[in-house]
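Structural description and commentary
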Amino acid sequence: MSKSLPYSMKDVHYDNAKFRQRSCLKLITQSVLTSKKHDCTSCSTGKFLVLVMIGGLVYLMLTHASSSDSVGRIAKDMGTEAGDHLITNGSSSFARFWRKPPRLPPRLSPDEMGSNNSSRHEAEKLNVASKWRARQQGVRNAFIHAWSGYKSYAMGHDELMPLSQRGVDGLGGLGATVVDALDTAMIMGIDEIVSEAGAWIEKHLPERINEKGQVNLFETTIRVLGGLLSAYHLSGGQQGKNLAHKGPEPVVYLENARNLADRLLTAFTSSPTAIPFSDVILRDNTAHPAPDGLSSTSEVSTLQLEFNYLSSLTGDPKYSTESMKVLEHLKTLPKVEGLVPIYISPNNGEFSGENIRLGSRGDSYYEYLLKVWLQRRENNLTYLHDMYEEAMKGVRHLLVRKSSPNGLVFVGELPYGPNGAFSPKMDHLVCFLSGTLALGATKGITKEVAMKANLLTFEDLEHLKLAEELAKTCIEMYSVTSTGLAPEIAYFNVEGNSEGAADGGNKSSKYVHDIVIKHADRHNLLRPETVESLFVLYRVTEDPKYREWGWEIFKAFEKYTKVGSGGYTSLDDVTVLPPRRRDKMETFFLGETLKYLYLLFGDKTVIALDEFVFNTEAHPFPIIKGSSGME
C-alpha cells in the first residue's frame, strides 16, 4: 500500500468486516460483553421494554402465518401452475423473514485494484504482441518461399518467372533479385539466405559489373547500388547494425558498390547539362540518352540518397557532387505551384511537355525532395524542404479531389498542364504519398511525441490528415476487387463526370460505384506502395488499423499469388476469380513489399524512422551525421 494514499489497510479491513457473516450467538455475546456500564434488565423500565420486544416478535410470527394460510387458500382456488408457485412462495415467507441479508463482495484497496487492472492490461498486451509475432513469422515464411523459388529456378538472373520455372534478365543481368532481397533477409534474421546471397555477390557480381552491357541508371541505382550499400551497413560496416551473422565481410558489399557507382557516374559526366543520361554501358564506361532523347523527371531526381551515402562512406565527394547537381538545377526551373512535368531533356536541361502527375515518371521526385533533406539535415539544405512544401501545397490545390458518391479522397493528374482538363486517374504508385506526407509531418517520430513537444505546424497536421485519407482510398482500391488486391491504375467517378461502370468485382463494397477499373489496368505487379505507407503511418500514428489493413493485403497475396513450386506471381486481372496469372515475380516483392509488411508487424524500434531513411526501393540508409565526404 502506498503511503501517499489517504486510504489505508485499516479502512479496508473495517469495510470488509462489515460484510463478514456473524452468528446470532456471537451478536448476543458481543452485546452482553460490551454492556459494562448498565444492566438493562435490572430496572422496571428495562423489563417492560423486554416484554414489548417479545410481544412484537410473537405478533409478527402470527401475522406471517396468517398470510401463508391466505396464500394457500387463494392458490387452491386458482388450481393452476401459478397457484402452485404462490403456495411455494407463501410457505417460505417465514423463512424469508429470518433470511440473512445479502453479502456484498469485500472491497479491494486502491493499490490492489490498480494491480488487477495492470495485470489484465499486461495480459492483453502480451496477447496482442503474440498475435503480431505470429503474423510477422507468416511474412518471414513467405519471404523464404519466394527465395526458394528464385534459388531453384533463377539464381543469378534478375527475376524469376515462377509459373514457367525459369529466370529472366530484364534489368541488365546483375542478379537484381539477389541484391534487392539481401537486406530483407538480414532484417528478418534469415542467416542461410544471407549466406547464399552474400556468397553469390562475392563470387559473381564483380565480373557482372565489369562485363555486362546496357543498364538503366535509375533502376540499377535504386535496386543494386542501394541494396549493396544497405547490406554494407546492416552487416556491420562502419559501425553499422551488424544484423548479419553469415556472409562475406562487409567490405565486399562496399567494394562492389563503389565499382558499380564509378561506372554509373558516366551518365552524369557524359551529359552536356546537369541532367544525366538514362542508360549506361557498364563494360565500356559509356552512357547515352533514351531513344527519344528524354529522361524521366523521377529517375534523374531519385539517385541522390544512394550517391550521398556512398560519398559519406568512402570520403570521396564526387558521387554526392554529381548527383546533387540535378536537384540544384531543378530548383531553378519554372514549376506549377511546385509541381513539375514528368519528362526532362538532358540535352538542354529543360522540362518537356506539360504532363503533371504523381504516378509513373513523376512519383519519387517528390519523395526525394523530402528524404534527401532528412538524410542531410545537418547540411542545411533548406531549399529541398521548401520545394517539398511548395509541391505539397500544389498537390492539395490542383490534384486532390473527392469521388462520387461516397467522397474518397484521391490524387488525379493534369495530362495537359494546369490549363487542361483534370483526369481522375490514380496509379497505385501514387499510394507512396501517404507515407511521405506522414514522414514529412513528424520527421519520423510519433505524432504523440511531436504534439507533446509542440513540433507540429498547421501544415503538418493538414499533411497528416491528407495522408490518412489517401491511405483509406488506397485500401479501398484493394477492397473493391474480387481478389482483395489492387489494380495497377484506378479511375474515380467525380460529380458531373462519370468514368463508366467497370467496377472491381466486389459488389458488396461501399465504394463499388466510386472506383472504376478499366480492362487495360486490372493487373497487379505485387507492388509495395500501399504497404509502405501503412508501415509509415503505423509508426507515426500508432493506430492498429494500419496493421490490420496490411494483414488483409498479405492474406490476399498468399491466397492468389503464391506458387506451390516456389515464388509468387503477378496477376493479369484482379477483378475475376480465379485471377489470371502473369508469370513474373518482380524483385521489389522481396526487396520492398515483404520487407515493409515484416516491419509493419514487428517492433517499432527496428529501423527507426528518425534514424534511417529508406530509398525508393526500401533500402534503409542511416541518416548522415556531419558532412563527411560531402562537398
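Above this text you will find the structure in question.
Residues numbered from 1 in each chain as written. Predicted model: local features only at pLDDT ≥ 70, side-chain atom pairs only at ≥ 80, totals over all residues. Heavy atoms only, no water.

Structural notes on the packing of helix α9 (residues 217–234) against helix α13 (residues 304–314)
Stated precisely, the cut-off is as follows: Axis angles are defined between N-to-C directions and span 0 to 180 degrees, where every axis is a line fitted to C-alpha atoms and, for a helix, only to the segment in contact. Labels follow the DSSP assignment, with helices taken as runs of H or I lasting at least four residues and strands as runs of E lasting at least two, numbered in each case from the N terminus. For any pair of crossing helices, the crossing counts as left-handed if the nearer helix is rotated counterclockwise from the farther one by less than a right angle, and right-handed if it is rotated clockwise. Two residues form a contact once any of their heavy atoms are found within 4.5 Å. Residues are sorted three ways: Asp, Glu, Lys and Arg are charged, Ala, Val, Leu, Ile, Met, Phe, Trp, Tyr, Cys and Pro are nonpolar, and all the rest, Gly among them, are polar.
One way to put it is that α9 packs onto α13 with a least axis distance of 10 Å and a crossing angle of 35°. Judged by the twist between their axes, the crossing of α9 over α13 is left-handed. Residues Thr221, Ile222, Leu225, Gly226, Leu229, Tyr232 and His233 of α9 touch α13, and the partners they reach there are Glu306, Phe307, Tyr309, Leu310 and Leu313. Taken together, the residues of the contact of α9 with α13 sort by class into eight nonpolar, three polar and one charged.

Focus on the side chain of Ser509
Note the following rule: Buried, partly exposed and exposed residues are distinguished by accessible area as a fraction of the type maximum, computed with a 1.4 Å probe on protein chains only: under 20%, between the cut-offs, and over 50%, respectively. The definition of a polar contact used here is a pair of N or O atoms within 3.5 Å, where within protein one atom must be able to donate a hydrogen and the other to accept one, and adjacent residues in sequence count solely through side-chain atom pairs.
Along the chain, Ser509 turns up in the loop between β12 (489–492) and β13 (515–516). When its relative accessible area of 11% is taken as the criterion, Ser509 is described as buried. Engagement of the side chain of Ser509 in a polar contact is seen with the backbone nitrogen of Tyr511, the distance being 3.1 Å. Residue contacts for Ser509: discarding those within four places in its chain leaves Glu476, Ser479 and Val480.

Some points on the sheet that holds strand β8 (residues 351–352)
For clarity, the threshold we go by: Any two strands between which DSSP finds at least two bridges are classified as paired.
Strands sit in the order β6-β7-β8 across an open sheet of three strands; the sheet is antiparallel. Where the open sheet ends on each side, the last strands, each with one partner, are β6 (295–296) and β8. Sheet topology places strand β7 (residues 343–344) next to β8; two bridges connect them, and they run antiparallel. Within β8, the position partnered with Tyr343 by the bridge is Ser352.

Examining the state of the cysteines
Note the cut-off: Any two cysteine sulfur atoms lying within 2.5 Å of each other are counted as a disulfide.
Following the criterion strictly, the structure yields one disulfide and no others. Here Cys431 is linked by a disulfide to Cys474, with a sulfur-sulfur distance of 2.0 Å. Disulfide Cys431-Cys474: torsion about the S-S bond near -105°, hence left-handed. Taken as a pair, Cys431 in the loop between β11 (425–427) and α17 (432–442) and Cys474 in helix α19 (residues 458–479) lie far apart in primary sequence, 43 residues in all. With respect to class, Cys431 is no different from Cys474; both count as buried.

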